[in-house]
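Below are the chains, spelled out letter by letter.
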Amino acid sequence: MAFEQVIGQREAQARLMQMVDEGRLPHAVMLCGPQGCGKLALATGFAAQLLNRSAADAAMLAKWEHPDLHFTYPTIKLPSMSSDHKPVSDDFAHEWHELLKASPYFTMTEWLEQMGGENQQAIITAGESDELLRKLSLKSSQGGYKVSLIWLPERMNIECANKILKLLEEPPSQTVFIMVCQEPDRLLETIRSRVQRIDIKKLADEEIAEALRDKRGLTEEVAHRTARMANGSWQKALEMLSADSENELFLDMFQMLMRLAYQRKVRELKAWAERMAAMGREKQRRFLEYFLRLLRENFVYNFQQPELCYMTQREEDFARNFARFVNEANIIPISDLANRAIRDIGQNANAKIVFFDLALQMIVLLIQK
């Protein structure tokens, strides 16, 4: 992806190129920032700037298959792999290139789905660091930089992290490391001390709105509402545009819970809890986080201050009649209830019991004035 295709982040682009122009490019740069701000898009754009020296380079970079560009990313172990095999990025090179060519704005969940391991924990293994050392020990194919782009280095296991540290301490000739990090505190302090950290800000609402108008053809009103709700994340903005998005399902489940609790339909609430329990734990956690967000928005809706509310049109339509049931008397108890459910799900509690308990307590909490 060329820099001109990156959404917003002009200040970060200028800073990166200034280091190159002034001849003070460090051997290791780490782009840090929240999900959806465009860290990977910036990193790939910067890598392209460093490697694009000819028409041949440009053609290879269009497919992200340049011989001097080495990608490292979290991987999983497939059932087809032998017991002693340590998965490496090259095992999933086809899947990575396909996803990256579609868009550099994707999440770990999407990457897991691309690899076929939605319920696994993706890590960067020691086998990857050995492979990277072998690749970087070779001379540059095109006579310029060699670029090692590491996506989510905080997912390196300790053996891999220690080997990468040695590479950073004694970097191969003409090698530039570009790390794309979401949780830098999880990295070894010794690694953090050997890279130049650049913090990437959330996207501004207007930057997202402009991209939605230009790239998706949205009207001014819809683009503005979507951008405000995206909270600085281009990925979140795209999720909200998808007709079959997860948030649509979560809104349906939220509405069903509140209506059944208000009507005190215990048998139907039990069926609702069983439906929630059938989802994976990560999805259950995301629903509960959505639950908390919508709870907050309905509470604020009562103050009749539109600039403080961040809801889709469907969510706002439901809030017109429902918001009055969320008030000063129950907002804290309901929030506490949801947070306990998040904790219990994280500790592998029985999901049917967790969600049925939440549903039954909502019967009482909704009538508090």
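Look up: the structure comes first, before these words.
Just so it is clear, the model here is predicted, and its values are computed rather than measured. Counting restarts for each chain: residues are numbered from 1 in the order of the written sequence. Given that this is a predicted model, residues contribute local features only at a pLDDT of at least 70 and side-chain atom pairs are listed and counted only at 80 or more, while totals for whole chains, interfaces and linings are drawn from all residues. Heavy atoms throughout the structure, all of them, feed into the side-chain values; hydrogens and water do not.

We count a stretch as a helix when DSSP gives it H or I for four or more residues in a row; a strand needs E for two or more, and each element gets its number in order from the N terminus. Here aspartate 185 shows up in the loop between β4 (175-181) and α8 (189-192). Overall, the relative accessible area of 66% leaves aspartate 185 in the exposed class. Each C-alpha atom of the pair aspartate 185 and glutamate 154 lies 8.1 Å from the other, and the pair is 31 residues apart in sequence. With a 1.4 Å probe rolled over the protein chains alone, any residue whose accessible area is under 20% of its type maximum counts as buried; one over 50% counts as exposed, and the rest are partly exposed.

All right, on to the packing of aromatic side chains then. The aromatic pairing rule takes the rings of Phe, Tyr and Trp, using the six-membered ring of Trp, and pairs them if the centres are within 6.5 Å, calling planes under 30 degrees apart stacked, those over 60 edge-to-face and the rest tilted. Inspection of the entire model under this criterion finds 20 aromatic pairs. Between tryptophan 96 and phenylalanine 106, the ring centres sit 5.6 Å apart and the planes meet at 85°, which makes this aromatic pair edge-to-face. Within this pair, whereas tryptophan 96 is found in helix α4 (residues 93-102), its partner phenylalanine 106 is found in the loop between α4 and α5 (108-115), the two being separated by ten residues in sequence. The residues tryptophan 96 and phenylalanine 106 share a single accessibility class, namely buried.

The next subject is the nonpolar core. The definition of a nonpolar core used throughout is a set of buried Ala, Val, Leu, Ile, Met, Phe, Trp, Tyr and Cys residues joined through side-chain atoms within 4.5 Å. Ranked by internal contacts, the top residues of the largest apolar core, which has 60 residues, are Leu69, Trp96, Trp111, Trp151 and Trp234. Ranked by the residues each element gives to this core, the list is headed by helix α2 (residues 39-51), at nine residues. Each residue touching leucine 69, except ones within four places of it in the same chain, is listed here: Ala47, Leu51, Leu61, Trp64, Val147 and Leu149. Formed by 46 residues, the second largest nonpolar core is a distinct cluster that contains Leu251, Leu260, Phe291 and Phe322. Contacts between residues were defined by any pair of non-hydrogen atoms, one from each residue, lying within 4.5 Å.

This next bit is on the sheet that holds strand β3 (residues 146-151). One open sheet holds the five strands; their spatial order is β2-β3-β4-β1-β5, and the pairing between them is parallel. This sheet does not close on itself; its edge strands, each paired only once, are β2 (69-72) and β5 (196-199). Along the sheet, successive strands turn relative to each other by an average axial angle of 20°, direction set aside. At least two bridges found by DSSP between two strands are what make those strands a pair. One ladder, built from six bridges, connects β3 with β4; its direction is parallel. Looking across to β4, one finds that serine 148 is bridged to phenylalanine 177. Between N-to-C directions, angles cover 0 to 180 degrees, with each direction set by a line fitted to C-alpha atoms, over the stretch in contact for helices.

Interpretation note: all reported values are geometric properties and have no functional meaning in isolation.
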